[in-house]
Amino acid sequence: MVTKSLQSIRGIHDGLPDDVRRWQRIEDVARATLTRYAFSEVRLPVLEPTELFVRSIGEETDIVSKEMYAFTDQGGDHICLRPEGTAGAVRAYLQGGLTRSGIQRWFYMGPMFRRERPQKGRLRQFQQIGVEMFGAAGPVEDVEMLAMAHAFLEGLGIPDLQLQVNSLGCSVCRPAYRDQLVAYLQERADTLCETCNERIDKNPMRVLDCKVTSCQAKLGDAPEMLDHLCDGCSAHFSDLRQGLDALEIPYIVNPRIVRGLDYYNRTAFEIVTDKLGAQGTVLAGGRYDGLVSELSGPATPAIGFAAGIERLAMLLDDVALERPDLAIVAIGDEVLSYSLKQAADLRQAGLCVVHCGGGGARRQFKMADRGYVRFVAVIGEDEMQAGKVTLKDMASGEQKLVKAGAVVAEVQAAS
RNA sequence: GUGGAUGUAGCUCAAUUGGUAGAGCCCCGGCUUGUGAUGCCGGUGGUCGUGGGUUCGAGUCCCAUCAUCCACCCCA
């Protein structure tokens, strides 16, 4: 056990080789997929002015009101560790002067920070792959966005995922619907659970997917956003569905998908699994047409999503370790320098090589075996004089004397 | 933030009604010093999460604290 003072901060975990191998797999597939849709990677700050999130996410949200790592730095500035990526992306879009540069398609990957109570699939520092598109109103772009998210997860080969879509309406139709919903809920407030009563004011749409069964029983005839969309939103949503159908992307309409953050409108979607307990959402996003102007930019439609790398990693099959091609076993101190040079040359030629450090042959072979190397090159006095190595195939146990210059070809021929 | 479970060697776990800790795996070394996976022998390694308390005596009881896990809240 590590003593308390040397432990990492609660909910902030290390990425050890087994973890990082999985993360890289996810990142590689993401890069490949997103790039094919003409998205460009951006790298944005982890530290941002606190005000950015207060203005974009909303002061009342849990994220801003109690989950941000916010502090004052030595110069008296209010800064924080980003709790999500979209606000920073919008900030960068505006600050970079890209509002007249046509549609921007961006993606990024990196850590986000939220001071929540940790549990499975929920960390205080976690990584997201975020995607944002600025300047396109959809619905074609919405379809492509969903298709891209789908293609990404298909590429990872994670089974049993479900895409759920909804429309959150817009500034035209949502306020009226919201009023109607609140009125409906207030009539039944005394029959709803405590948290639902709090939600009536804070986020009434959240009441609809309350997990308490007694609440669910009371809400069978509750009004839903989808039945109250304005003409524009309604057309947008049906075009979205048409597009998904055309691409044969399976999905269900879940009228109870809600977004916690204030800036979302119209298309909202989640990709969920039932294998992660309460943290089943593996990717989520939606349209946020109002945010750019909210942050003092020109009215600019936008849509994006974020995928949780750690959550995806938990769904991934074991990712095979990259095995070293070859281990160098040096017999006798007089060949050490020569063997080091051989190792360096083989690496130069592209092989992954481990030098076993000399000493007893038995010890070195054990080391090679535990390192799962495919071949061992034994170099002793005789081999050095002859300019050869004894090359042993660790799987078959066969070995033969080959010229030093032929090792690369031998190893590559076997793979 | 709320509720619950857990916390003994690097890992997975034992330790009878409280009497000052064991196993397996891993790791390291050896089995005549140029050959590994199996085998045999040996070895390192724990202030029983941490800090208090009860007791002649606590891994074993009580309290606090930290961390992990689960659910709620919320979310990727």
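Cut-off values and rules
Residues numbered from 1 in each chain as written. Chains lettered and ligands numbered in written order. Predicted model: local features only at pLDDT ≥ 70, side-chain atom pairs only at ≥ 80, totals over all residues. Heavy atoms only, no water. Domains from an automatic or database assignment. Helix = DSSP H or I, 4+ residues; strand = E, 2+ residues; numbered from the N terminus. Buried < 20%, exposed > 50% of the residue type's maximum accessible area, 1.4 Å probe, protein only. Axes fitted to C-alpha atoms, helices over the stretch in contact; angles between N-to-C directions. Parallel < 35°, antiparallel > 145°, perpendicular 65-115°, else oblique. Left-handed = near helix turned anticlockwise from the far one by under 90°. Contact = heavy atoms within 4.5 Å. Nonpolar A, V, L, I, M, F, W, Y, C, P; charged D, E, K, R; others polar.

1. Re the domain arrangement of chain A
In step 1: Taken domain by domain, chain A comprises domain 1 (4–173 + 229–315) and domain 2 (326–409).
In step 2: Distance from the C-alpha centre of domain 1 to the C-alpha centre of domain 2: 49 Å.

2. Observations concerning unusual backbone geometry
In step 1: At E248, a position not held by glycine, the phi torsion is positive, near 55 degrees.
In step 2: With respect to the helices and strands, the residue E248 is situated in the loop between α10 (231–246) and β8 (252–253).
In step 3: For E248, a relative accessible area of 68% gives the class exposed.
In step 4: A positive phi is found at R266, a non-glycine position, where the angle reads about 50 degrees.
In step 5: Checked against the element boundaries, R266 lands in strand β9 (residues 265–272).
In step 6: On the basis of relative accessibility, which here comes to 19%, the residue R266 falls in the buried class.

3. Considering the packing of helix α1 (residues 17–36) against helix α5 (residues 140–156)
In a pair of packed helices, the angle between the axes and the distance between the axes together describe the arrangement.
In step 1: Taken N-terminus to C-terminus, the directions of α1 and α5 make an angle of 140 degrees; their axes are 9 Å apart at the nearest point. Here α1 lies oblique to α5, going by the angle between them. When you trace α1 past α5, the crossing you get is right-handed. Contacts between α1 and α5 involve R25, I26, V29, A30, T33 and L34 from the first element and M148, A151, F152, G155 and L156 from the second.
In step 2: A class-by-class count of the residues in the contact of α1 with α5 yields 8 nonpolar, 2 polar and 1 charged.

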